[in-house]
Amino acid sequence: MTGQMMDQYAKEVEDFSFVPVRTYHKPRKIDKEYRRLRVAIGISGWLTEKDEVVEPWKVIGPEMEAFALRFELQALLNLGNSLTTMIRSAAWGYAKSEIIKRTVFASLTAALWPLGLLKVSRIIDNPFSVAKARADKAGEVLADALINRAQGERPVTLIGYSLGARVIFTCLKSLAARKAFGLVENVVLLGAPTPSTAADWCLIRAVTTGRVVNVYSTSDYILGFLYRSSSIQYGVAGLEPVSFVSGVQNVDVTDLIAGSHTAYRYLCGRILRKIGFEDVDLAAVEAEEEALRKATASEEQERKANEANTKEGASEAEVKEMEGKVQQKNEASMMDWASEKFKAGGASASSAANQAKNWVQRTASPKTGDQSASKDVGGAAGAVGGSLI
């Protein structure tokens, strides 16, 4: 899954490639010893650093050959930077106390979101909309890759959280439309920002030979807020069970995802164990849960510091300050991403850094999350396109 054959499938998606979750320092002659009869593909829903393409999926045990799907790296980094800035803000802290007085769906259907939160929504709405559209395109490309047997003749398990789950949702609907049955063995969607309509999930069930699992949390306020401008009349799979579809297993993780959509990043392994997924690396699960505790403590500490220096709500000056923070994070992410691309193109480390700096200065937009991929740093699959065989 890491050869050059993926390039032709990924013309409209930046950075589309399959990245091995485990790398072995091995002689080429014993490469086949590390092959497995089953393939798992994990898909992350946002990123705060590029290593998070792979890190959440180290919980998949070595009994399966695990890959992470890398796509639209910059769009997912922009989303992650905006998301973490928003949930660490004083406005989100004040908003939580208002939101918990009613259900997420009450807020969605009646548009009863706190005014202070709506003021800061402009730092997250555009990055989420862009990343959601790119996830839909990536799903179509993933369907092409599976139909063209990038995985060989082996059954595939697809696991994704947040927009990663949307990639899978789109992929399976595309497979159903093309009557491509028997390619996907199991599907696990965690906190999916997708419709929960029976018609859509019947299609997903039809093209999956094994289990279809919808993991949701009724108190995922972040997902509800992000999805508020979408077609909520069709439901949200990440917030409620899928009804009237035989063969879809609904798993409620409200006790684990207590209002924080971002916890999915660290709880993939624990949730996989809860649903009875066999191939789980327990040491990696413990490491991820420890990382969650540290991330939660850091988040609370920063939010309290912001609350101490902020009046209830969010002033225009405070929102602009948040936009500035996001812009700085995005530019740092763009530098890292562009440097990697120029290195892949054959540039030395110092030359890649200089070219990346110049590219960022040319392409960075003053509006949050409004960076566009440049043809100068490589097309869709770039130098890292791949197949699974």
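Rules used in this analysis
Residues numbered from 1 in each chain as written. Predicted model: local features only at pLDDT ≥ 70, side-chain atom pairs only at ≥ 80, totals over all residues. Heavy atoms only, no water. Helix = DSSP H or I, 4+ residues; strand = E, 2+ residues; numbered from the N terminus. Buried < 20%, exposed > 50% of the residue type's maximum accessible area, 1.4 Å probe, protein only. Contact = heavy atoms within 4.5 Å. Areas by Shrake-Rupley, 256 points an atom, 1.4 Å probe, with all protein chains shown as cover. Phe/Tyr/Trp six-rings, centres within 6.5 Å; stacked < 30°, edge-to-face > 60°. Expected span 1.5 Å × (residues − 1). Polar contact = N/O pair within 3.5 Å; in protein donor to acceptor, adjacent residues only side chain to side chain. Salt bridge = Lys/Arg side-chain N within 4 Å of Asp/Glu carboxyl O. Pairing = 2+ DSSP bridges. Axes fitted to C-alpha atoms, helices over the stretch in contact; angles between N-to-C directions. Parallel < 35°, antiparallel > 145°, perpendicular 65-115°, else oblique. Nonpolar A, V, L, I, M, F, W, Y, C, P; charged D, E, K, R; others polar. pLDDT = per-residue confidence, 0-100.

1. Points about the overall build of the protein chain
Part 1 of the argument: From N to C terminus, the protein chain includes 12 helices and 7 strands.
Part 2 of the argument: Per-residue burial over the protein chain gives 55% buried out of 389 residues.
Part 3 of the argument: Of the contacts formed within the protein chain by residues at least 6 apart in sequence, a portion of 81% connects residues at least 24 apart.
Part 4 of the argument: Put simply, the protein chain shows about 16400 Å² of open surface, and 51% of that area lies on carbon and sulfur atoms.

2. Quick word on the packing of aromatic side chains
Part 1 of the argument: Taken as a whole, this structure holds 4 aromatic pairs when the rule is applied.
Part 2 of the argument: A ring pair is formed by W46 and Y161, whose centres lie 5.1 Å apart and whose planes are at 80°; its orientation type is edge-to-face. Here W46 is found in the loop between β2 (39-43) and β3 (65-70), whereas its partner Y161 is found in strand β4 (residues 156-161), with 115 residues between them in sequence. Of the two residues, W46 and Y161, both sit in the buried class.
Part 3 of the argument: Three or more aromatic residues joined by ring pairs form one cluster here, namely W46, W57 and Y161.

3. Describing helix α10 (residues 282-308)
Part 1 of the argument: Helix length check: α10, at 27 residues, gives a terminal C-alpha distance of 39 Å against a target of 39 Å (1.5 Å per residue), a fit within 8%.
Part 2 of the argument: Of the residues that open α10, the one with a side-chain oxygen 3.1 Å from the backbone nitrogen of A283 is D281.

4. Quick notes on the pattern of salt bridges
Note on pairing: side chains with opposite charge can pair once their charged atoms come close.
Part 1 of the argument: Counted under the stated rule, the structure contains 18 salt bridges.
Part 2 of the argument: The shortest N-O distance in the salt bridge between D279 and R38 comes to 2.6 Å. Residue D279 is found in the loop between α9 (264-274) and α10, and its partner R38 is found in the loop between β1 (17-20) and β2; the two are separated by 241 residues along the sequence.
Part 3 of the argument: For D279, a relative accessible area of 7% corresponds to the buried category.
Part 4 of the argument: Residue classification places R38 among the partly exposed residues on the basis of a relative accessible area of 28%.
Part 5 of the argument: A salt bridge links E300 to R303; the shortest N-O distance between them is 2.6 Å. With E300 and R303 both in helix α10, this residue pair falls 3 residues apart, about one helical turn.
Part 6 of the argument: Look at R303 and you get buried, because its relative accessible area is 4%.
Part 7 of the argument: Through salt bridges that share partners, E52, R265 and E288 make up one connected network.

5. Here we look at the sheet that holds strand β5 (residues 184-190)
Two pairing modes exist for strands in a sheet, parallel and antiparallel, and in both the strands are linked by backbone hydrogen bonds.
Part 1 of the argument: The strand order across the open sheet formed by 7 strands is β1-β3-β2-β4-β5-β6-β7, and the pairing between neighbours is mixed. Each having just a single partner strand, β1 and β7 (248-252) make up the two edges of the open sheet. If you compare each strand with its neighbour and ignore which way they point, the axes differ by 20° on average.
Part 2 of the argument: Where strand β6 (residues 212-216) lies against β7, 5 bridges are found, and the strand directions are parallel. Residue pairing for β7: N214 is matched across the bridge by N250.

6. A look at the packing of helix α6 (residues 163-177) against helix α7 (residues 198-206)
Part 1 of the argument: Running from N to C, α6 and α7 point in directions that differ by 75°, and their axes come no closer than 8 Å. Considering the angle they form, α6 stands roughly perpendicular to α7. Contacts from F169, L172, K173 and A176 in α6 reach D200, W201, L203 and I204 in α7.
Part 2 of the argument: Counted by class, the contact of α6 with α7 contains 6 nonpolar, no polar and 2 charged residues.

7. Considerations on the confidence of the model for the protein chain
Part 1 of the argument: When pLDDT is averaged along the protein chain, the result is 81, and 77% of the positions lie at 70 or above.
Part 2 of the argument: Element-level mean pLDDT values for the protein chain span from 55 in helix α3 (residues 104-110) up to 98 in β6.
Part 3 of the argument: Note that residues 365-386 has pLDDT below 50 and, in this model, 68 contacts with residues that lie over four places away or in other chains.

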